[in-house]
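Structural features, examined
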Amino acid sequence: MTGRRRLLLVGAGSRAYREYMLRPVAEAYDLWLFTDREPDWEGPYLTGHTVLDTTDPEAMAAAAGPGKGGAPYDGVLTWDDTRVVQTARLARLLGLPGSPPEAVLACRDKRATRAALDRAGVPQATSILVTSLRQARAAAAATGYPLVLKPRALNASAGVVKVESADQLAARFRVARGATAPGAVEVAPGDVLVEEYLDGPEISVDAAWYDGRMSLGFVARKECGFPPYFEEISHLVDGGDPLLRDPVIADVLGRAHAAVGFTTGWTHTELRLTSGGPKVVEINARIGGDRVPDVGRLALGVDAALIAARVACGESPELRPAHRRVAAVRFLYPEADCVARDVVIDEKALPASVDTALALALPGQELRLPPRGHVSGRYALITTVADSREACLADLAKAAGAVRLEVLRPL
C-alpha cells in the first residue's frame, strides 16, 4: 500500500504519442491499466494490468471488482478516442466521477454533436447526414460549394475532405465513406456528414471541466496540409495568445459543452475562427492528440494528463500556468509514398530550443500520404520551445533540416 490514489487507465495508446503523459501520471498515482494486449513499454509505469475486452464496460467493471488490494479505485481515465464512451460507462458502473456516458457519446457521434449544438443555438457549420451518393448530391445542393465531407465518428481528420465543385463529389464521397479507424464501434460505419466549409484559421482548445465549470488549459493553432484533405501537420501554442482570454470563445465553449451535457473531465474542442466569429468544428471528450498536450506543457507548464487524472478522481483542476512561452510540434513527411529504410537525426545540428526530435518510421515501414494513408506518412516529429513565435518557428524549420529520411524504395 502506497497511500496514493488509485487510477484505472483504459488503453495507454502508442509510445510516441502518449508516453510523455503516462510518465507523470504514474509518478503521482498507482496506475492500473486495462488493455487489449499485454503491455510492452508501458510496464515500468504500472502497478499492474488486466488484459480484457476494453469495448465491454460490464467486463471491465467486473474485472475492477472492489479495487486491487481491497481498496476502491479513485478514478478512471482514458485518452483513447475509441474508448471514451466505454470508459464513461465504466465510471458510471463503478460510481466514479465523470460526465454522463450519453454526453460523451454526443461528443463522439458528430451528428449527435451537431444536433445538440443546433438545439442550443451554438455557432457551427450547417451539417446534413447522408448514407449514399444520391443523398450527398442533394445535401450538397442545399449546402452549396465549397463543402466538407466528414465521417460521422472518426478522429484526427481521418476521411475529412474538402469538395470544391459537383464534379469532385463522387470521388471524394468514396474517400469519406470508406475511411476507417480501429476501435470505432459506437456508430455504424459509412455515415457521412455533408457540411458547410468554414473559412478562417482552425484552433483547438484543451480544457478541464469540473461540475460544468471550465478551466482553460491551452489554445493550439493548427496547420493542415495535403489539400483537399485536412492532414494535421503542425500545432503551435503561444502562452501569450489573446485567445486564452477571449470571452467570445469562452462563451461558445461553455454553451457547447452545456448543450451536449459534458460536465466533468477533459476535452479537446476544435473551432474555426470565421469572419462571423468562432464556430465549433467538434468536441472530443478526451485529451488532445498529436503531442498537442506536450506543446501545451512546454508553452505554459500545464500538464494536461495530471490535471485530467485529478479531475477523474473527483478533485478540482487547480490549473495555473507556470510560465508563458511559445512551443510547437511539426510532423515530417516524405515527398511521395515510399518504404522507409531509416530515419537519421543529426543531434548536433538541432537547435538548443528543440525539446524532442523523434523518429516515427521503422525500417521497412510503408509511408503513405493522403488519400492513401492518414498520419501513416509521418516519419518523424519535432517539438521546440522559445520566447517568441518567430524564434520557435525558425528553430522548428532548422530542426527539420537535421532529420533525414532514407528511402528503401518508392511505392
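Refer to the structure above for everything that follows.
Residues numbered from 1 in each chain as written. Predicted model: local features only at pLDDT ≥ 70, side-chain atom pairs only at ≥ 80, totals over all residues. Heavy atoms only, no water.

1. Observations regarding the packing of aromatic side chains
For clarity, the cut-off: Aromatic rings from Phe, Tyr and Trp, taking only the six-membered ring of Trp, are treated as a pair when their centres fall within 6.5 Å; an angle between ring planes under 30 degrees marks them as stacked, one over 60 as edge-to-face, and anything in between as tilted. Numbering goes from the N terminus for both helices and strands, where a helix is a DSSP run of H or I of at least four residues and a strand is a run of E of at least two. Relative accessible area decides the class of each residue, using a 1.4 Å probe on protein chains only: under 20% of the type maximum gives buried, over 50% gives exposed, and in between gives partly exposed. Comment: the charge-over-ring label is applied if NZ (Lys) or CZ (Arg) is within 6 Å of the ring centre and within 35 degrees of the ring normal.
A complete count under the given rule lists three aromatic pairs for this structure. Ring centres 6.2 Å apart and planes at 35° place the aromatic pair Tyr17 and Phe331 in the tilted group. Pair noted here: Tyr17 is in helix α1 (residues 15-28) and Phe331 is in strand β14 (residues 326-332), with a separation of 314 residues, a long-range link. Overall, the relative accessible area of 3% leaves Phe331 in the buried class. Over the ring of Tyr197 we find Lys162, and its NZ or CZ is 4.0 Å from the ring centre. Over the ring of Phe331 we find Arg378, and its NZ or CZ is 3.7 Å from the ring centre.

2. Focus: the nonpolar core
The condition that has to hold: Definition of nonpolar core: a set of buried residues of the types Ala, Val, Leu, Ile, Met, Phe, Trp, Tyr and Cys, connected through side-chain atoms within 4.5 Å. Any pair of residues with heavy atoms lying within 4.5 Å of one another is described as a contacting pair.
Counting 49 residues, the largest nonpolar core has Leu7, Trp79 and Trp266 as the members making the most contacts within it. Discounting residues that sit within four places of it in the chain, Leu7 has contacts with Val25, Tyr29, Asp30, Leu31, Trp32, Tyr73, Gly75, Val76, Leu77, Ala309, Ala312 and Cys313.

3. Structural notes on helix α4 (residues 101-108)
For α4, a buried count of six out of eight residues is recorded, marking the element as mostly surrounded by other parts of the structure. Where α4 is concerned, the buried positions are Pro101, Ala103, Val104, Ala106, Cys107 and Arg108. Where the residues of α4 are buried, they touch α3 (84-94), α5 (110-120), α8 (247-260) and β13 (277-284).

4. Quick word on α3
Inspection of α3 places Val84, Val85, Gln86, Thr87, Ala88, Leu90 and Ala91 among the buried residues, and these make up the whole buried set. Packing partners of the buried residues in α3 comprise β1 (6-10), β2 (30-35), α2 (57-64), β4 (75-77) and α4. Following α3 by one or two positions, Gly95 adopts a phi angle in the positive range, close to 70°.

5. Side note on the sheet that holds strand β7 (residues 161-163)
The strands that make up a sheet are held in pairs by hydrogen bonds between backbone atoms, and each pair lies either parallel or antiparallel. We count it as follows: Paired strands, in this sense, are two strands between which DSSP finds at least two bridges. Axis lines are fitted through C-alpha atoms, for helices just across the contact stretch, and the angle between N-to-C directions can take any value from 0 to 180 degrees.
On the basis of which strands lie adjacent, the open sheet formed by four strands has the order β5-β8-β6-β7 and antiparallel pairing. Looking at strand neighbours, the two that pair on one side only are β5 (127-130) and β7, the edges of this open sheet. Here the strands of the sheet are splayed against their neighbours by 25° on average, with no regard to which way each runs. Sheet topology places strand β6 (residues 147-151) next to strand β8 (residues 192-196); five bridges connect them, and they run antiparallel. Counted as the bridge partner of Val148 is Glu195 from β8.

6. Quick notes on the sheet that holds β13
Overall, antiparallel pairing links the eight strands, which are arranged β13-β12-β9-β10-β11-β14-β18-β16 in an open sheet. The open sheet has two edge strands with one neighbour each: β13 and β16 (354-359). The mean angle between the axes of side-by-side strands here comes to 25°, regardless of whether they run parallel or antiparallel.

7. Some words on the pattern of salt bridges
Our working rule: Each reported salt bridge corresponds to a side-chain nitrogen of Lys or Arg within 4 Å of a carboxyl oxygen of Asp or Glu.
Applying the stated criterion across every chain yields a total of 33 salt bridges. In this structure, Arg297 and Asp355 form a salt bridge, with 3.9 Å as the shortest nitrogen-oxygen distance. One end of the pair, Arg297, is in helix α9 (residues 292-300); the other, Asp355, is in strand β16, with 58 residues separating them in the sequence. Assessed through its relative accessible area of 31%, Arg297 is described here as partly exposed. Here Asp355 falls in the partly exposed class, since its relative accessible area comes to 40%.

8. Some words on unusual backbone geometry
Note that the residue after Tyr145, namely Pro146, is joined by a cis bond; omega there is -5°. Here the residue pair Pro370 and Pro371 is connected by a cis peptide bond, since its omega of 5° sits within 30 degrees of zero. In this fold, Pro371 is placed in the loop between β17 (366-367) and β18 (380-386). Even without being glycine, Glu318 reaches a positive phi, approximately 50°. As for its placement among the helices and strands, Glu318 is situated in the loop between α10 (304-312) and β14. With relative accessibility at 49%, the residue Glu318 sits in the partly exposed group.

9. Details of the state of the cysteines
We count it as follows: Here, a disulfide means two cysteine sulfur atoms that sit within 2.5 Å of each other.
Considering all chains together, one arrives at zero disulfides under this definition. Looking at the unpaired Cys392, the closest cysteine sulfur is the one in Cys224, lying at 18 Å. For Cys392, a relative accessible area of 1% puts it in the buried group.

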